[in-house]
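Coordinate inspection notes
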Amino acid sequence: MRDVAIIATAQTKHVRAATALNEVEMIQPVIQDVIERSGVDRHGFDFTCSGSSDYLAGQPFSFVMTLDAVAAWPPISESHVEMDGAWALYEAWVKIQTGHADTALVYSYGKSSPGDLPRVLSRMLDPYYEAPLWLTSIDVGALQARAMIDAGLTSEAAMADIAHRSRTAAGVNNPHAQLTSSAEPSALLAEEYLADPLRRHDCAPVTDGGVAVVLAAGDRARELCDRPAWIRGIDHRADGHHLNFRDLTTSPSTTLAASRAGVADRPVEIAELHACFTHQEPILRTALGLGDDVEVNPSGGPLAANPMMAAGLLRLVEVADRIHTGEVSRGVAHATGGHALQHNLVAVLEGEG
Amino acid sequence: MSEPAPIDLPPGLWSQPAVDTSAVAELADVEAVQMVRNPARLDYDYTPGIATTRFLRAIKEKRLVGERCGETGKVYIPPRGVSPVSGLPTTEQVELGLDGTMVSYCVVNLDFTGNAQEIPYVSALILVDGSDIPIYGLVREIPYQDVRVGLRLKSVWVEPEEMTTSLENIRWWAPNGEADLPASELTDHV
Amino acid sequence: MAERTAVVGIGQTKYSAVRGDVSLPGLLREATFRALDDAQMTLADIDAIVIGKAPDFFEGIMVPEYSLVEALGAVGKPVFRVHTAGSVSGSTAIVATGLIESGVHERVLTIGWEMQSCSEAMWALSVTMPFQQQLVAGAGGYFAPYIRQYIARSGAPDDTGVLVALKDRQNALKNPYAHLHEHDISYESVKESLMLWDPIRYSETCPSSDGAIAMVLTNEVGGDAAAAEGRAPAWVHGTSFRSEPAMAAGRDQVSPQAGRDCAADVFRQAGITNPREQVDVVEMYVPFSWYEPMWLENLGFAEEGTGWQLTHDGVTAMDGDLPVNCSGGVLSTNPIGASGMIRFGEAALQVRGMAGEHQIDGARTAVGHAYGGAAQFYAMWVVGAGKP
């Protein structure tokens, strides 16, 4: 396998609603920024890949418009996934592994503000049995949280602590985050339920935002970046879909992906987890085999900023950024797709040496 | 010519086209369900974005305004805020004319407009004076057989009191009486 | 450096306007099990699944792959969803090939599908979006002006499109899976059909179909094993995709640069310097008849302005020396999300000698081509009976 690294990153300041901007105007500055940081000529990428969602945008073929932001003239080798940008990065990583590319530009974005996000996500259910029930993403999250609490694996108090810790950390560490502070856990627990046992603080916010990343292989990465964030292992797996066919308190696909990615090969310093609900953090910690000494979501994670289709790629970015500064030498990034952690990607990033 | 041979599938979890309900007496006269209809409605608030907002505000004032790409000098309409060639923002606003030239067209025999259009009708790509990329429009006030590349057109608008922030302010395009533009002047577009 | 990729299994559903006899999982499983049967494998042998289809709005299900995981035996496996507009399942096959070439996986199942009867495809293709230009002429109305430009530039005879439609639909009669089997089709019946967007007539326009195609790809060891058991694989000699923006000033939409570049790249990879001579059979994405002569030029099979001559001279007929769309093409079958992969799959069937009644004898090098969007996304592969 070739050595591939994240050598440059850029992201929006994530907000509840970027109402003045359309998707292209929102992502273009981020793409321009990452291209400039990377040192690669804008027409010089061997491959470009993006991740986005038509249903999020409320428009079929919505990804086509953002092609305007990547200088696709002369024509470029380009592809797109209807998944989080973490999977666009995966496709670019594979492309580099084939030897057909040495550099890649990867970006993803989501404007959740146009639609009613939890309701939009109800369309991501089996069309015969579950979609007609119009279970929103919060309803599904609540079912999983209830399972976790009943199994004794978490509690409403523990969940409130996670919310408080995450958003406070965002305030300290993350200038891009949307939510950067939190009331004390006792105040959080006094709030009304959104969908018992979930309260507002247990859920990731609705966010507009985007992210872009440049990948490079081997010596090219070393030329372009002082401290490349090497992708030492990356894998993704899916669990079954139907909520009653699987144990919602575990994430076997995450465990499998973690094992394939080599998470346990060496000590993990930080982990950025794509947990859109507080109760999902303990599920993922366990699934990834993370000890209590591992710092989870120093950026605040999705609870602080959740641009759909970008939140997973952002986890890789947040680990990579900390490797670039030398703050961290080994971290794990996790991205998820589907309801209740159905589809999971795990990546291990390391600094040189 | 026969249908492709169905493969011999082992029993169990495999999908099977025919449902055998003979074992269940209550289902004797019940037809197998072949389709489930789930009406779905989602409401979205779309954002035009800054470039489109500028364009639509100008069009409400009966002005067509394009944007220039800094790298190539080409003028885009409707503007998108970004040049597709350079990937950089297009901020220079360019006031365009209200006339244009037909660069290509087709004659349509089914009404796709939903506006009880008389058929056949002409759908065309029209290069607005001063711009470098054509826009779509209907062409009327000329027999469809006489329509041709290079035809000079003027935009025909709704009444002032009906103007909104929408491309639909332009009802259609009609000949403006000028001599046709020769193909040599349209080489980038034909 | 790249691992060789072999196509060892291909399975298609019977394409039709409405497959009322199967559910969505059923449709995909029909193609999947035919492909697995061909490859002499079971779902358990598959390492990863790569799926492509048109926008989710077509069937009204967001990311339908997630609810298909159990049906495709994908629990515990990587599942990947590609979406590149009309070229999608061509790109999907290329992404799947990449997983083998890179050595990441050894056996990949790739599927392209669409169940258009479950959707409002016409609506989804030209949704009225606020603030954007409305296409007042429907999907064909977008392409018709460029076809007119081609006719003006090339001087092609008016009935060139009629000949293409007739040929493709007659070819389809030899393909049991094809959607349209028009036994009574004739030159006159095509010419007299309703003119929709001059010059495109009703009979020169693709249908709307339900269907799926699945392929099993393996590495060199897998390809050799299949060959040793008398099941000739198709070997991948080159893959390429290229995209250009919809609205770049100066784009040539009659012969887009991205198409030319894609073809040049894939032929270079496959060592093809004279496509007209070295390629035995072509499956091109022709949804409106005139795209046959236009793509022949765009892909480098004919000099600019002469593509129509190949059609008129019978070069692209099954008994010509560059048969095009022996399967019946998109003009006879069009489940939008599957059509790209069907081109790629049919090319592979040809070099494996498995195209049945529409087989071109001795075909050893075949091209699969797909395009999408505003003629802006292109995906191609070259497959051969021998190893690259």
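In this text, all values refer to a predicted model and were calculated from it rather than measured experimentally.

**Looking at the overall build of chain B**
If you tally the helices and strands in chain B, you get 1 helix and 8 strands. Reading the helices (α) and strands (β) of chain B from amino to carboxyl end gives α-β-β-β-β-β-β-β-β. Residues counted as buried form 33% of the 190 residues belonging to chain B. Counting only contacts in chain B whose residues sit at least 6 apart along the sequence, the fraction spanning at least 24 positions is 56%.

**Here's the deal with unusual backbone geometry**
For the bond running from I119(B) to P120(B), omega is -5°, close enough to zero to count as cis. Summarising the element assignment, P120(B) is placed in the loop between strand 4 (99-108) and strand 5 (121-128). Cis geometry is adopted by the peptide bond preceding P199(C), which originates at D198(C) and carries an omega value of 15°. You can see P199(C) is positioned in the loop between strand 5 (195-198) and strand 6 (200-201).

**Notes on the domain arrangement of chain A**
Size of an interface: often given as the accessible area lost when the parts come together. All names here are of chain A. By the assigned domains, chain A splits into domain 1 (4-115 + 206-224) and domain 2 (117-204 + 231-350). Spacing between the C-alpha centres of domain 1 and domain 2 amounts to 22 Å. Facing 35 residues of domain 1, the contacting portion of domain 2 comprises 26 residues. When residues of the side of domain 1 that touches domain 2 are traced back to their parent elements, those giving at least two are strand 1 (4-11), helix 2 (54-57), helix 3 (85-97), strand 4 (103-111) and strand 7 (208-217). By residue number, the principal contributor to the side of domain 1 that touches domain 2 is helix 3, which donates 6 residues. Residues belonging to the side of domain 1 that touches domain 2 are distributed by class as follows: 16 nonpolar, 15 polar and 4 charged.

**A short note on the interface of chain A and chain B**
Between chain A and chain B, the residue contacts involve 26 residues of the former and 22 residues of the latter. Among the secondary structure elements, those contributing two or more residues to the side of chain A that touches chain B are helix 1 (23-38) and helix 4 (117-120) of chain A. Looking at the side of chain A that touches chain B element by element, the count peaks at 5 residues for helix 1 of chain A. Tallied by class, residues from the side of chain A that touches chain B come to 15 nonpolar, 6 polar and 5 charged.

**So, the interface of chain A and chain C**
The interface is formed by 47 residues belonging to chain A together with 47 residues belonging to chain C. When residues of the side of chain A that touches chain C are traced back to their parent elements, those giving at least two are helix 2, strand 3 (78-81), helix 3, strand 8 (229-238) and helix 9 (252-261) of chain A. In terms of residues, the side of chain A that touches chain C owes the most to one element, helix 3 of chain A, which gives 5 residues. When the residues that make up the side of chain A that touches chain C are grouped by side-chain class, the tally is 22 nonpolar, 15 polar and 10 charged.

**A closer look at the nonpolar core**
Counting residues in each nonpolar core, the largest one holds 303 residues, and the members touching the most others are A5(A), V106(A), V213(A), L215(A), L316(A), L349(A) and V383(C). Residues within four places of L215(A) in sequence aside, it is in contact with V4(A), A5(A), I6(A), A92(A), W93(A), I96(A), T103(A), A104(A) and V106(A).

**What about the packing of helix 2 (residues 88-101) of chain C against helix 13 (residues 336-352) of chain C?**
Residue and element names in this part refer to chain C. The geometry of helix 2 relative to helix 13 is characterised by a closest axis approach of 5 Å and an angle of 55° between their N-to-C directions. Taken together, the axes of helix 2 and helix 13 lie oblique to each other. The residues of helix 13 that touch helix 2, namely those facing V88, S89, G90, T92 and A93, are G337, A338, S339, G340, M341, R343 and F344. A breakdown of the residues in the contact of helix 2 with helix 13 according to their chemical character gives 5 nonpolar, 6 polar and 1 charged.

**Things to note about the pairing of strand 4 (residues 107-115) of chain C**
Residues and elements named next belong to chain C. Of all the 9 residues making up strand 4, 8 are buried; the element is thus mostly covered by neighbouring parts of the structure. Inspection of the sheet shows strand 2 (residues 48-52) paired to strand 4 by 5 bridges, in the parallel sense. For A48, the partnering residue across the bridge sits in strand 4 and is V108. For strand 4 and strand 7 (residues 210-218), the ladder comprises 9 bridges, and the chain directions are antiparallel. Across the sheet, the residue bridging to G112 is I213, located in strand 7.

**Details of the confidence of the model for chain B**
All names here are of chain B. The pLDDT averaged across chain B works out to 85; a share of 85% of its residues lies at or above 70. Mean pLDDT across the elements of chain B bottoms out in strand 6 (residues 135-139) (92) and peaks in strand 7 (residues 152-157) (97). Contacts for the low-pLDDT stretch residues 6-17, under 50 throughout, to residues beyond four places or in other chains number 13 contacts. Scoring the predicted complex yields pTM 0.94 and, for the interface, ipTM 0.95.

**Here we look at the environment of V324(C)**
Residue and element names in this part refer to chain C. In this structure, V324 sits in the loop between helix 11 (307-312) and helix 12 (329-332). Residues V324 and S289 lie 35 residues apart in sequence; the distance between their C-alpha atoms is 12 Å. Ignoring any residue separated from it by four or fewer positions in sequence, one finds V324 in contact with V282, M284, E292 and T316.

**Overview of helix 6 (residues 156-173) of chain A**
Residues and elements named next belong to chain A. Under the 1.5 Å per step criterion, the end-to-end length of helix 6 is 26 Å for 18 residues, consistent within 8% with the ideal 26 Å. Among the residues making up helix 6, those that are buried are E156, M159, A160, I162, A163, H164, S166, R167, A169 and A170. Where helix 6 is buried, its residues meet helix 7 (185-189) and helix 10 (280-288).

**A closer look at the packing of helix 3 of chain A against helix 11 (residues 311-324) of chain A**
Residue and element names in this part refer to chain A. Where helix 3 meets helix 11, the axes come as close as 5 Å, and the angle between the chain directions of the two elements is 65°. Listed contacts from helix 11 to G85, A86 and L89 of helix 3 are G312, L313 and L316. Among the residues forming the contact of helix 3 with helix 11, the class breakdown is 4 nonpolar, 2 polar and no charged.

**Observations concerning the pairing of strand 5 of chain C**
Here strand 4 of chain B runs beside strand 5 of chain C; their pairing, made up of 2 bridges, is antiparallel. Within strand 5 of chain C, the position partnered with V107(B) by the bridge is D198(C). Two strands pair when backbone bridges link them, and strand 5 of chain C and strand 6 of chain C are joined in this way by 2 bridges, in the antiparallel orientation. Across the sheet, residue W197(C) finds its bridge partner in strand 6 of chain C, namely I200(C). Linking strand 5 of chain C to strand 6 of chain C, which pair antiparallel, is a turn of 1 residue.

Reading the values: rules and limits
- Residues numbered from 1 in each chain as written.
- Chains lettered and ligands numbered in written order.
- Predicted model: local features only at pLDDT ≥ 70, side-chain atom pairs only at ≥ 80, totals over all residues.
- Helix = DSSP H or I, 4+ residues; strand = E, 2+ residues; numbered from the N terminus.
- Buried ≥ 20, exposed ≤ 12 C-beta atoms within 10 Å, placed from the backbone.
- Contact = placed C-beta atoms within 7 Å.
- Domains from an automatic or database assignment.
- Nonpolar A, V, L, I, M, F, W, Y, C, P; charged D, E, K, R; others polar.
- Core = buried A, V, L, I, M, F, W, Y, C linked by C-beta atoms within 7 Å.
- Axes fitted to C-alpha atoms, helices over the stretch in contact; angles between N-to-C directions.
- Parallel < 35°, antiparallel > 145°, perpendicular 65-115°, else oblique.
- Pairing = 2+ DSSP bridges.
- pLDDT = per-residue confidence, 0-100.
- Expected span 1.5 Å × (residues − 1).

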